[in-house]
Amino acid sequence: MSDAELVLRSTRVITPEGTRAASVTVAAGKITAVLGHEAEVPSGARLVDLGDDVLLPGLVDTHVHVNDPGRTEWEGFWTATRAAAAGGITTLVDMPLNSLPPTTTVDNLRTKQEVAADKAHIDVGFWGGALPDNVKDLRPLHEAGVFGFKAFLSPSGVDEFPHLDQDRLAQSLAEITSFGGLLIVHAEDPHHLDAAPQHGGPKYADFLASRPRDAEDTAIAQLIAQAKRLHARVHVLHLSSSDALPLIAEAKRDGVRITVETCPHYLTLTAEEVPDGASEFKCCPPIRESANQDLLWQALADGTVDCVVTDHSPSTADLKTDDFATAWGGISGLQLSLAAVWTEARRRGHGLEDVVRWMSARTAQLVGLDQKGAIEAGRDADFAVLAPDDTFTVDPAALQHRNRVTAYAGKTLYGVVKSTWLRGERIVADGEFTDPKGRLLTRTNGLPPIDLERQT
């Protein structure tokens, strides 16, 4: 206690044991203790009294397309990490595609790390990519510290990142399993996509029909079969189809090592509200109907779905045309994810403790970052300070994203992030940012990837 440098005090601190009034002491970037609210402030420590604002662990977003280098006009580490910090996110893991080069070799990883090093306002880790021709690169990438490997089972949308057929999926998965790695999968079956009607044009109903649920369901069933056969660890990215939930629940009961994420846009936006031509709502798999959304929330509540991440996938505004067939598919959500999820969660009777579990604790566990994701002694002093009952109306001009195209424009959301802290330093408050203080993370900074179900 005598070496404490900082004390953050709040009547509402979200800890693994629940929400309590507490004083959180910090030294050398780490949480040293969680004490009673009125605990004596150690000599020499600075007290920051947050009143009734909620102190929660910084969010960990494990699905972000930063697009840097190569497509920095789409986003970039500087803007992405500022947007994340403004939204209470203190750690992100960058996806291996949409940057040039993609993160599919150790040399390409080093290139990306060099670009990110002096631009990161928050901590940044990296996924590797699994391609049809890079099985030989998977173990070296694992040893270089990537958190796992991203694969597509259908075309990715960029030529430099081809998808895996079932044979190549088996080869990559066997190799990744041989060294205890994690495969994360965009699960849509290309044959079902090819068979779906492809009308193009501005009608959202036509786009929705072009990405049917059975494309997701079939791909997830195939992935489960491969994982079961190899006793591999797999993670389903951006689950959209509620029809796949019984398959996933059964696989978990059978001991298949599978985890699942969904995204704020699937939980807060519905197909019924998407205007024709509004491709800021386009993503793959797509935003589906409200009844589908209800089942995703139920699956979060019962643990069939493990966590919530943004799948932040921006582009320049000119690529968001009014033709859903040709417009870039991706939702920009880094800065707004906490508020969007909290707004809908509170409406459905969930608490902030649930949101923290889905967006911080379980995402940190997914990638083995045992120093993140909770307010308890020994963890990094990463925090978001939230006024949960305050509201704001989304103004695209106020976003930190490089391209301020958002599906949330004009929506009134609950939850104003007052400040964000990284290792005990306030990195943003009231829209004012410090110089970049983020670190580059590798898998060896924490534990190897671990099974969520063994931790909860």
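Anyway, here's the lowdown on the structure attached to this text. Since we're looking at a predicted model, the values are computed, not measured.

**Observations concerning the overall build of the chain**
The secondary structure content of the chain amounts to 12 helices and 18 strands. Taken over the C-alpha trace, the chain has a radius of gyration of 21 Å; the compact-globule value for 456 residues is 23 Å, and the two agree within 12%. Judged by the C-alpha coordinates and their principal axes, the chain covers about 70 × 45 × 40 Å. Buried positions account for 62% of the 456 residues belonging to the chain. Pairs at least 24 residues apart make up 75% of the contacts formed inside the chain by residues separated by at least 6 positions.

**Quick look at the packing of aromatic side chains**
This structure, assessed with the given rule, holds eight aromatic pairs. Between the aromatic rings of Phe-77 and Phe-126, the centroid separation amounts to 6.2 Å while the plane-to-plane angle is 70°, which identifies the pairing as edge-to-face. Note that Phe-77 is positioned in helix H1 (residues 77–86) and Phe-126 in strand E8 (residues 123–126), a separation of 49 residues in sequence. Residue class for Phe-77 comes out buried when judged on its relative accessible area of 0%. Residue classification places Phe-126 among the buried positions, given a relative accessible area of 2%. Members of the aromatic cluster, connected to one another through ring pairs, are Tyr-204, Phe-207 and Phe-324. Arg-82 extends its terminal NZ or CZ atom over the ring of Phe-433, reaching a point 4.0 Å from the ring centre. The aromatic ring of Tyr-414 is capped on one face by Arg-346, whose charged end is 3.8 Å from the ring centroid.

**Side note on the sheet that holds strand E6 (residues 59–64)**
The three strands are arranged E6-E7-E8 in an open sheet whose pairing can be described as parallel. The sheet is open, and its two edges are formed by E6 and E8, each paired on a single side. For this sheet, the mean angle separating the axes of adjacent strands, direction not counted, is 20°. Where E6 meets strand E7 (residues 89–94), four bridges bridge the pair, whose relative direction is parallel. Each residue of the ladder has a partner; that of Asp-61, found in E7, is Leu-92.

**Digging into the nonpolar core**
Counting 99 residues, the largest nonpolar core has Phe-149, Leu-183 and Leu-239 as its most contacted members. The contact partners of Leu-239, leaving out residues within four places of it in the chain, are Glu-216, Ile-220, Ala-244, Leu-245, Ile-248, Val-260, Glu-261, Thr-262, Tyr-266, Leu-296 and Val-305. In this structure, Val-93, Met-95, Ile-184 and Val-367 belong to the second largest nonpolar core, which totals 18 residues.

**Looking at the layout of surface pockets**
Of the volumes computed, that of the largest pocket is approximately 700 Å³. Forming the boundary of the largest pocket are 37 residues, of which Gly-157, Arg-211, Lys-282, Cys-284 and Gly-329 lie nearest the centre. Of all the elements in the fold, those that place two or more residues in the lining of the largest pocket are strand E10 (149–152), helix H5 (190–195) and helix H6 (204–210). The element that contributes the greatest number of residues to the lining of the largest pocket is H6, accounting for three residues. Residue classes in the lining of the largest pocket are distributed as 13 nonpolar, 17 polar and seven charged.

**Section: the sheet that holds strand E12 (residues 233–236)**
Neighbouring strands of a sheet are bound in pairs by backbone hydrogen bonds; such pairs are parallel or else antiparallel. The six strands lie next to each other as E9-E10-E11-E12-E13-E14, forming an open sheet whose pairing is parallel. Of all the strands in the sheet, just strand E9 (128–129) and strand E14 (307–308) have a single pairing partner and so form its edges. Alignment of strand E11 (residues 183–186) against E12, held across three bridges, turns out to be parallel. Within E12, the position partnered with Leu-183 by the bridge is Val-234.

**Concerning the pairing of strand E3 (residues 30–36)**
Where strand E2 (residues 18–27) meets E3, six bridges bridge the pair, whose relative direction is antiparallel. For Val-26, the partnering residue across the bridge sits in E3 and is Ile-31. Turn length for the E2-E3 hairpin, with the two strands adjacent in sequence and antiparallel, is two residues, and the turn residue Ala-28 shows positive phi of about 50°.

**A short note on helix H12 (residues 352–366)**
Between its first and last C-alpha atoms H12 spans 20 Å; for 15 residues at 1.5 Å apiece the expected length is 21 Å, and the two agree. Roughly 35° is the biggest bend found in H12, and it falls at Trp-358. The buried fraction of H12 amounts to 13 of the 15 residues, a majority that puts the element mostly inside the structure. Phi for Gly-368, located one or two positions after H12, is positive at around 75°.

**Thoughts on empty space enclosed by the protein**
Over the atoms a probe the size of a water molecule is rolled, and this reveals where empty space is left. Applying the stated rule across the entire model yields two cavities of 30 Å³ or more. A volume near 50 Å³ is recorded for the largest cavity. Around the largest cavity sit Glu-280, Pro-314, Ser-315, Lys-320, Gly-330, Ile-331, Ser-332, Asn-403, Val-405, Thr-406 and Ala-407, which together line it. Empty space within the second largest cavity amounts to approximately 30 Å³. Forming the boundary of the second largest cavity are Pro-57, Gly-58, Val-60, Thr-90, Lys-372, Gly-373, Ala-374, Asp-380 and Asp-382. Residues that form the lining of the second largest cavity fall into these classes: three nonpolar, three polar and three charged.

Conventions we followed
Residues numbered from 1 in each chain as written. Predicted model: local features only at pLDDT ≥ 70, side-chain atom pairs only at ≥ 80, totals over all residues. Heavy atoms only, no water. Helix = DSSP H or I, 4+ residues; strand = E, 2+ residues; numbered from the N terminus. Rg over C-alpha atoms; globule rule 2.2 N^0.38 Å. Buried < 20%, exposed > 50% of the residue type's maximum accessible area, 1.4 Å probe, protein only. Contact = heavy atoms within 4.5 Å. Phe/Tyr/Trp six-rings, centres within 6.5 Å; stacked < 30°, edge-to-face > 60°. Lys NZ or Arg CZ within 6 Å of the ring centre and 35° of its normal. Pairing = 2+ DSSP bridges. Axes fitted to C-alpha atoms, helices over the stretch in contact; angles between N-to-C directions. Core = buried A, V, L, I, M, F, W, Y, C linked by side-chain atoms within 4.5 Å. 1 Å grid on protein atoms, 1.4 Å probe; cavity = no way out; pocket = protein on both sides within 12 Å on 5 of 7 lines; lining within 4 Å. Points joined across faces, edges and corners; volume = space filled by probe spheres on them. Nonpolar A, V, L, I, M, F, W, Y, C, P; charged D, E, K, R; others polar. Expected span 1.5 Å × (residues − 1). Bend = angle between axes of the 7 residues up to and from the residue.

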